[in-house]
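For reference, the chains in residue letters:
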Amino acid sequence: MKNIEEVLGPMQKNIKRLNVNGLNGRMLRLKASNKLKVNYRREILLVYGHHSSLERMYGIAEVLNQYGTVTMPDLPGFGGMDSFYTIGMEPTIDNMADYLATFIKLRYRRKKLTIAGMSLGFAIVTRMLQRYPEIVKKVDLLISVVGFSHHYDFILSKRSMILYRRFAQFFSHKLPAIFFYNLILYPPLLRIGYAKTPNASKKFSALDAEEQKLAIDFEVTLWRENDVRTYMRMTVALMTMDNCHKQVNIPVHHISVRNDRYFDPTAVEQHMRIVFTGFTEHQAILDNHAPSILATKENAAPLVPASIRKVLRKKTT
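Residues numbered from 1 in each chain as written. Predicted model: local features only at pLDDT ≥ 70, side-chain atom pairs only at ≥ 80, totals over all residues. Heavy atoms only, no water.

K.L.:
Honestly, the side chain of His50 in this entry has me stumped. Any pointers?
P.N.:
Inspection of the secondary structure puts His50 in the loop between strand 3 (43-47) and helix 2 (58-64). Looking at His50, the relative accessible area reads 17%, which means it is buried. Polar side-chain contacts of His50 include one of 3.2 Å to the side chain of Thr235. Here His50 is in contact with Phe78, Leu120, Tyr231, Met234, Thr235 and Leu238, once residues within four sequence places are set aside. (Helix = DSSP H or I, 4+ residues; strand = E, 2+ residues; numbered from the N terminus. Buried < 20%, exposed > 50% of the residue type's maximum accessible area, 1.4 Å probe, protein only. Polar contact = N/O pair within 3.5 Å; in protein donor to acceptor, adjacent residues only side chain to side chain. Contact = heavy atoms within 4.5 Å.)

K.L.:
Where do I start with the packing of aromatic side chains in this structure?
P.N.:
Here the distance between the centres and the angle between the planes together describe a pair of aromatic rings. All chains considered together, the criterion is met by 10 aromatic pairs. On the basis of an interplanar angle of 50 degrees and a centroid distance of 6.3 Å, the ring pair of Phe180 and Trp223 is categorised as tilted. Separated by 43 residues along the polypeptide, Phe180 in helix 7 (residues 174-184) and Trp223 in helix 10 (residues 209-225) bring together distant segments of the chain. In textbook terms, an aromatic cluster arises when at least three aromatic residues are bridged by ring pairs, as seen for Phe167, Phe170, Phe171, Phe180, Trp223 and Tyr231. Sitting over the face of the ring of Tyr181, Arg224 holds its NZ or CZ atom 4.0 Å from the ring centroid. Here the guanidinium or amino end of Arg229 rests over the ring plane of Tyr85, the centre of that ring lying 3.8 Å away. (Phe/Tyr/Trp six-rings, centres within 6.5 Å; stacked < 30°, edge-to-face > 60°. Lys NZ or Arg CZ within 6 Å of the ring centre and 35° of its normal.)

K.L.:
I would appreciate a short explanation of the nonpolar core in the present structure.
P.N.:
General note: in soluble globular proteins, nonpolar side chains tend to be found buried as a group. Met128 and Leu142 are the most contacted members of the largest nonpolar core, which has 96 residues in total. If sequence neighbours within four positions are ignored, Met128 has contacts with Ala97, Leu100, Ala101, Ile104, Ile115 and Ile135. (Core = buried A, V, L, I, M, F, W, Y, C linked by side-chain atoms within 4.5 Å.)

K.L.:
Can you help me understand unusual backbone geometry in this one?
P.N.:
Peptide bonds are mostly trans, and most non-glycine residues show a negative phi. The backbone phi angle of His51 is positive, close to 55 degrees, even though this residue is not glycine. Within the secondary structure, His51 sits in the loop between strand 3 and helix 2. On the basis of relative accessible area, His51 is assigned to the buried category, the value being 10%. Backbone geometry places Ser119, a non-glycine residue, at a positive phi of 55 degrees. Here Ser119 is to be found in the loop between strand 5 (113-118) and helix 4 (120-131).

What follows is the structure, encoded as structure tokens:
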């Protein structure tokens, strides 16, 4: 039976140290293969979402690496990176957007880039493009991977949204967060309890016993690495998101999931058409919002449908 280390071992050589504005983290960089046709080479910035890490998104990075060089930085407070709290700042969407803009200005000074953002990551990318219109001119292709623009995009009931928001607001404070991390996220308890939650049962229903164990190990690692207060503040941001206040002068290619249990595809499209100058949908045939484990190319491949691959093959400008 494979463990996390065996699955993720090959990616370690592609991880670099990252320091942005005094925040220490990591960055995954997969260089384009020499076998790629010159016209297909892109600079692709991949931004992960809520409750994620470089490890969880490695498979998607590998898939995108077939079309160019992929760079994926940690977000403050996620994947083991320092949180904004360590430098006296709050983990807000605006601050996440500013961090991402700084990263782009440091890494892509004279380069065009393709940006792919997943879920919350896409909302952060959107806010960044709204706050820094000069960066829009550098983007040759914008991809939403099960992204959203407004909290009305969620199909959760109003009652559930309120409960999630209040729960997250409470545990975003320092002392409750310490309690949450040391007791609720105590690994042996988390390993036993998480598998019995409704969320886990839906996510893991299609997995065999070995895959379920690996998925739970993955979840335990994610919960322990991500900063609790940042996670909770971003949960509140999810529940109150509204990026429809300012248009971005670029079209978006949106990857949706046929059986997404979080988002209403009609609402997602309506709001994205408000924000962006064009909208093209590409449907991934999955049974969930996203695969439970994205650590390998095989796991992640269904999330990148043939139609978006065709777009990625086009010559960059």
